[in-house]
Amino acid sequence: MGRQDLVCARCSGLVIEGRCPTCRASREYLRRNSVTLSPQLLLAILAVVMVLTALAVRHAT
Ligand SMILES: [Zn+2]
């Protein structure tokens, strides 16, 4: 399911094309979410890896 295929309920056009204010608002919302989600996920994964590494180092010595 792709975000590119989302259809606007107001103008029945593709949201990605931004034909009406609702489209543009939805497009902006989706873009902001997709941008903010990835770095946060990466940071969370990085934090887990760092904790695991610290634990491994502590156990090794
Ligand atoms: Zn629209």
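Please read all numbers here as calculations on a predicted model, not as lab measurements. (Residues numbered from 1 in each chain as written. Predicted model: local features only at pLDDT ≥ 70, side-chain atom pairs only at ≥ 80, totals over all residues. Heavy atoms only, no water.)

S.K.: Can you break down the overall build of the protein residue by residue, with the values?
M.R.: Summing up its helical and strand segments, the protein has 1 helix and 0 strands in all. The buried share of the protein, reckoned over its 61 residues, is 10%. Restricting the contact set of the protein to residue pairs at least 6 apart, pairs at least 24 apart contribute 10%. By element, 65% of the accessible surface of the protein is carried by carbon and sulfur atoms, the whole surface being about 5200 Å². (Helix = DSSP H or I, 4+ residues; strand = E, 2+ residues; numbered from the N terminus. Buried < 20%, exposed > 50% of the residue type's maximum accessible area, 1.4 Å probe, protein only. Contact = heavy atoms within 4.5 Å. Areas by Shrake-Rupley, 256 points an atom, 1.4 Å probe, with all protein chains shown as cover.)

S.K.: I'd like to hear about the coordination of the zinc ion, residue by residue, with values.
M.R.: Protein-derived ligands of the zinc ion are Cys8 (SG), Cys11 (SG), Cys20 (SG) and Cys23 (SG), with the metal-ligand distances lying across 2.2 to 2.4 Å. Taken together, the 4 donor atoms surrounding the zinc ion define angles of 101 to 115° at the centre, an arrangement classified as tetrahedral. What makes Cys23 buried here is its relative accessible area of 0%. (Donors = N, O, S within 2.8 Å, 3.2 Å for Na, K, Ca; no water. Tetrahedral: all angles 85-135°; square planar, octahedral: opposite > 155°, others 65-115°.)

S.K.: Give me the lowdown on unusual backbone geometry, citing residues and values where you can.
M.R.: Positive phi is not limited to glycine here, since Ser12 has a value of about 60°. Its place among the elements puts Ser12 in the segment before α1 (21–60). Note on Ser12: relative accessible area 59%, which makes it exposed.

S.K.: Requested: an account of the pattern of salt bridges, with residues and values cited.
M.R.: Scanning the model with the defined rule gives 2 salt bridges in all. One salt bridge connects Arg19 with Glu17, and the closest N-O pair in it is separated by 2.7 Å. On the basis of relative accessibility, which here comes to 40%, the residue Glu17 falls in the partly exposed class. One salt bridge connects Arg31 with Glu28, and the closest N-O pair in it is separated by 2.6 Å. Pair noted here: Arg31 and Glu28 are both in helix α1, with a separation of 3 residues, about one helical turn. (Salt bridge = Lys/Arg side-chain N within 4 Å of Asp/Glu carboxyl O.)

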